[in-house]
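Now for the letters of each chain:
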Amino acid sequence: AFHPDGHQMANTFQGQFPHTNSGADGHRATAPVRSFPANGFGLYDMAGNAWEWVADWYRPDEYARRDTRHVVGNPAGPAREASHDPDEPGVVKRVMRGGSFLCTDEYCTRYQPGARGKGAPDTGTNHLGFRLVRSS
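These figures come from a predicted structure and were not determined experimentally.

Reading guide: rules and limits
- Residues numbered from 1 in each chain as written.
- Predicted model: local features only at pLDDT ≥ 70, side-chain atom pairs only at ≥ 80, totals over all residues.
- Heavy atoms only, no water.
- Helix = DSSP H or I, 4+ residues; strand = E, 2+ residues; numbered from the N terminus.
- Contact = heavy atoms within 4.5 Å.
- Salt bridge = Lys/Arg side-chain N within 4 Å of Asp/Glu carboxyl O.
- Buried < 20%, exposed > 50% of the residue type's maximum accessible area, 1.4 Å probe, protein only.
- Pairing = 2+ DSSP bridges.
- Phe/Tyr/Trp six-rings, centres within 6.5 Å; stacked < 30°, edge-to-face > 60°.
- Lys NZ or Arg CZ within 6 Å of the ring centre and 35° of its normal.
- Axes fitted to C-alpha atoms, helices over the stretch in contact; angles between N-to-C directions.

A.B. asks: What is the right way to look at the environment of Glu62 in this model?
C.D. replies: Its place among the elements puts Glu62 in the loop between β3 (51-57) and β4 (94-97). Along the sequence, Glu62 and His84 sit 22 residues apart, while their C-alpha atoms lie 9.8 Å from each other. Non-local contacts of Glu62, meaning those with residues more than four positions away in its chain, are made with Ala76, Gly77, Pro78 and Arg116.

Following this line, the structure appears as structure tokens:
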């Protein structure tokens, strides 16, 4: 939960969407990085605040197409040419993760860790950013 024992754990929309955001988490729009505690892996801001572009191109059936006989670490998404969105055929899309400060459990569950959003690479908005990863 994003608010165990009454403590906000991520920047999401609180109130009646889309008209009244109470700002109970201390933010009505994006929040500074590390405004909320890290998760169990020491990672910050993995849910809420801003949608994050990732390197993978989008296909709705990408997970179903995988060979499930083997565990894959950091699987690559499809090739750009294989990107497909049945809602907008011909529009190449990238995967977005994490949800944003506009997500609320009233209508949006894509801030959950296993969920994926999608968007054209030329999309720009105040609740969209990118995710940086450092490998050691």
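A.B. asks: In this structure, what is going on with the pattern of salt bridges? I would like to understand it.
C.D. replies: Working definition: two side chains of opposite charge can pair if their charged atoms are close together. Applying the stated criterion across every chain, the model contains 6 salt bridges. Across the salt bridge formed by Asp61 and Arg59, the nearest N and O atoms sit 2.8 Å from each other. Residue Asp85 is joined to Lys93 by a salt bridge in which the shortest nitrogen-to-oxygen separation is 2.5 Å. Grouping residues by exposure puts Asp85 and Lys93 together as buried. Several salt bridges converge on common partners, so that one network encompasses Asp85, Asp87, Glu88, Lys93 and Lys118.

A.B. asks: Would you mind showing me how to read the pairing of β4 here?
C.D. replies: On a regular strand, each side chain points to the face opposite its neighbour's, so the side chains alternate between the two faces of the sheet. Bridge count for β3 against β4 is 3 bridges, and the pairing is antiparallel. Within β4, the position partnered with Trp57 by the bridge is Arg94.

A.B. asks: I would appreciate a short explanation of the pairing of β3 in the present structure.
C.D. replies: The buried fraction of β3 is high, at 5 of 7 residues. Both β3 and strand β6 (residues 128-130) contribute to a ladder of 3 bridges, which runs parallel. Along β6, the bridge assignment pairs Glu52 with Gly129.

A.B. asks: How do you make sense of the packing of aromatic side chains when you look at a structure like this?
C.D. replies: For any two aromatic rings, the description comes down to two numbers: the centre-to-centre distance and the angle of the planes. Enumeration according to the criterion identifies 1 aromatic pair in this entry. Aromatic pair Phe13 and Phe17: ring centres 4.9 Å apart, planes at 75°, arrangement edge-to-face. Relative accessible area serves as the criterion here: at 25%, Phe17 is assigned to the partly exposed category. One Lys or Arg, Arg80, reaches over the ring of Trp57 and ends 5.3 Å from the middle of that ring. Looking at Arg94, its charged tip hangs above the ring of Trp57, at a distance of 3.8 Å from the centre.

A.B. asks: Explain the sheet that holds β6 here, please?
C.D. replies: The pairing of strands in a sheet comes from backbone hydrogen bonds and takes either a parallel or an antiparallel form. An order of β5-β4-β3-β6 is seen for the 4 strands of this open sheet, with the pairing classed as mixed. Two strands lie at the open edges of the sheet, namely β5 (117-119) and β6, each paired on one side alone. The average angle at which neighbouring strand axes cross in this sheet is 45°, direction not considered.

Any functional reading would require information that these geometric values do not contain.
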